[in-house]
Amino acid sequence: MKFTRPMANPPLFLVFLGPPGSGKGTQARLLHERIGLPHVSTGDLFRHHLKNNTPLGLLARQYMDRGELVPDGVTVDMVADRLAQSDAACGAILDGFPRNLAQVVALEAMLADRGGVSLAPLFAVSDEEVMRRITGRRTCRLCGAIYHIEFNPPKQPGVCDADGGELYQRDDDRPETVEKRLYVYYKQTAPLIGYYFAKGVLAEIDGTQPPEAVQAALLQVLTDRGLLARMPVPAAVTG
Ligand code: ADP
Ligand code: ADP
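Because the structure is predicted, anything quoted here is derived from the model rather than measured.

Asks: How do you make sense of the confidence of the model for the protein when you look at a structure like this?
Replies: When pLDDT drops low, the exact placement of atoms in the prediction is not to be read closely. The predicted model of the protein averages 92 in pLDDT, with 93% of residues at 70 or higher. Within the model, pLDDT remains below 50 along residues 1–7, and this stretch shows three contacts once partners closer than five positions in the same chain are excluded. Note on residues 234–239: pLDDT is under 50 here. Beyond four places in sequence and across chains, it has ten contacts.

Asks: When you look at the nonpolar core in this model, what are you seeing that I'm missing?
Replies: For soluble globular proteins, nonpolar side chains are generally found buried alongside one another. Of all hydrophobic cores here, the largest spans 25 residues; its most connected members are V15, L17, L83, L107, M110 and Y196. Residue assignment for this core shows that the elements contributing at least two residues are β1 (12–16), α4 (72–83), β3 (91–95), α5 (101–110), β4 (120–124) and α8 (191–198). With four residues, α5 is the largest single contributor of residues to this core. Dropping the residues within four chain positions of it, L17 is found in contact with K24, A120, P121, L122, F123, L192, I193, Y196 and L202. Counting 20 residues, the second-largest nonpolar core is a separate cluster that includes L14, L31, I35 and L227.

Asks: Looking at this structure, I do not really get unusual backbone geometry. What am I missing?
Replies: When glycine is set aside, most residues are seen to have a negative phi, and most peptide bonds are trans. In this chain, F97 is followed by P98 through a cis amide linkage whose omega measures -5°. At N53, a residue that is not glycine, the phi angle is positive and equals roughly 55°. Residue position: N53 is located in the loop between α2 (42–51) and α3 (55–66).

Asks: Even after reading the chapter, I still don't get α4, so can you show me in this structure?
Replies: Count 3.6 residues to each turn of an α-helix, and residues three or four apart come out pointing the same way. Here α4 is twelve residues long and its end C-alpha atoms lie 16 Å apart, about the 16 Å a rise of 1.5 Å per residue gives. Among the residues of α4, T75, V76, M78, V79, R82 and L83 are the ones counted as buried. Buried residues in α4, looked at end-on, bunch into an arc of 160°, giving them a common side.

Asks: Would you mind showing me how to read the site of ligand 2 here?
Replies: In the vicinity of ligand 2 lie 18 residues, with G21, K24, T26, R137 and Y147 positioned nearest. At 3.2 Å from an oxygen atom of ligand 2 is found a main-chain nitrogen or oxygen belonging to S22. Residue Y147 places a main-chain N or O atom 2.7 Å away from an oxygen atom belonging to ligand 2. Here ligand 2 has 560 Å² of accessible area as a free molecule, and 93% of this is covered by the chains. Elements with a contribution of two residues or more to the shell around ligand 2: α1 (24–35) and β6 (146–148).

Criteria and cut-off values
- Residues numbered from 1 in each chain as written.
- Chains lettered and ligands numbered in written order.
- Predicted model: local features only at pLDDT ≥ 70, side-chain atom pairs only at ≥ 80, totals over all residues.
- Heavy atoms only, no water.
- pLDDT = per-residue confidence, 0-100.
- Contact = heavy atoms within 4.5 Å.
- Core = buried A, V, L, I, M, F, W, Y, C linked by side-chain atoms within 4.5 Å.
- Buried < 20%, exposed > 50% of the residue type's maximum accessible area, 1.4 Å probe, protein only.
- Helix = DSSP H or I, 4+ residues; strand = E, 2+ residues; numbered from the N terminus.
- Expected span 1.5 Å × (residues − 1).
- Arc of directions from axis to C-beta.
- Near = heavy atom within 4 Å.
- Polar contact = N/O pair within 3.5 Å; in protein donor to acceptor, adjacent residues only side chain to side chain.
- Areas by Shrake-Rupley, 256 points an atom, 1.4 Å probe, with all protein chains shown as cover.

Printed below as a string of structure tokens:
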């Protein structure tokens, strides 16, 4: 008979759920700064490939421009490579992955001996709010920092506060593409909510509050479920 020792400190994998524009990237960046868990955004990874004109970037672009999902095979391979990197040994914040049930199954296989998904926070906002947020979103070309022309403006219009990089509007953030992305979200990604609920790891968070309040609610859920204690960098929840 084979005995396996229980892991002393199992890694922490979080799956951020919510429609496009619900604040997943904003919250993932804040949480990464706070607790050091790597932020793995499939959208950011594809945009990085696109910027470098790699074959994967050129392939992904065709789908991103239409507001459709990039094929599962290349997406899953890209995530598997990322999660095999040493900084993800302690876990990761998954932002934008999985996005359909086939990707859920692939993630389960990747995490089979790493403790699985510990928490799936769902950032709940209305479609009207999504439209307001996405059409005003601006992103730094250098560091990917996320701004909003009205809700989170940079100190100087068009310039990133952190590194002076140019702020741009993503091609897929134009209203026609956003409608398609929302349709794809409801059809392919929203069913994941029921899946993670049934697994007992779903946590719905009111995403309409200001970003700091959403982050506080997220940290509270992590604390309540005893998940922050697993982090390599201990996080103080108050203050
Ligand atoms: P948002 O943050 O607004 O939801 P993302 O940056 O996550 O947008 O994604 C942008 C685009 O990248 C998606 O519309 C899709 O084309 C592609 N994409 C991102 N993640 C995935 C994924 N897990 N599977 C397939 N395509 C993806
Ligand atoms: P997602 O990653 O889910 O697509 P983002 O984090 O990129 O969402 O946020 C989309 C837009 O909404 C950005 O312009 C961001 O600055 C803004 N935003 C994010 N969170 C909030 C919030 N709690 N209140 C108001 N605006 C927000």
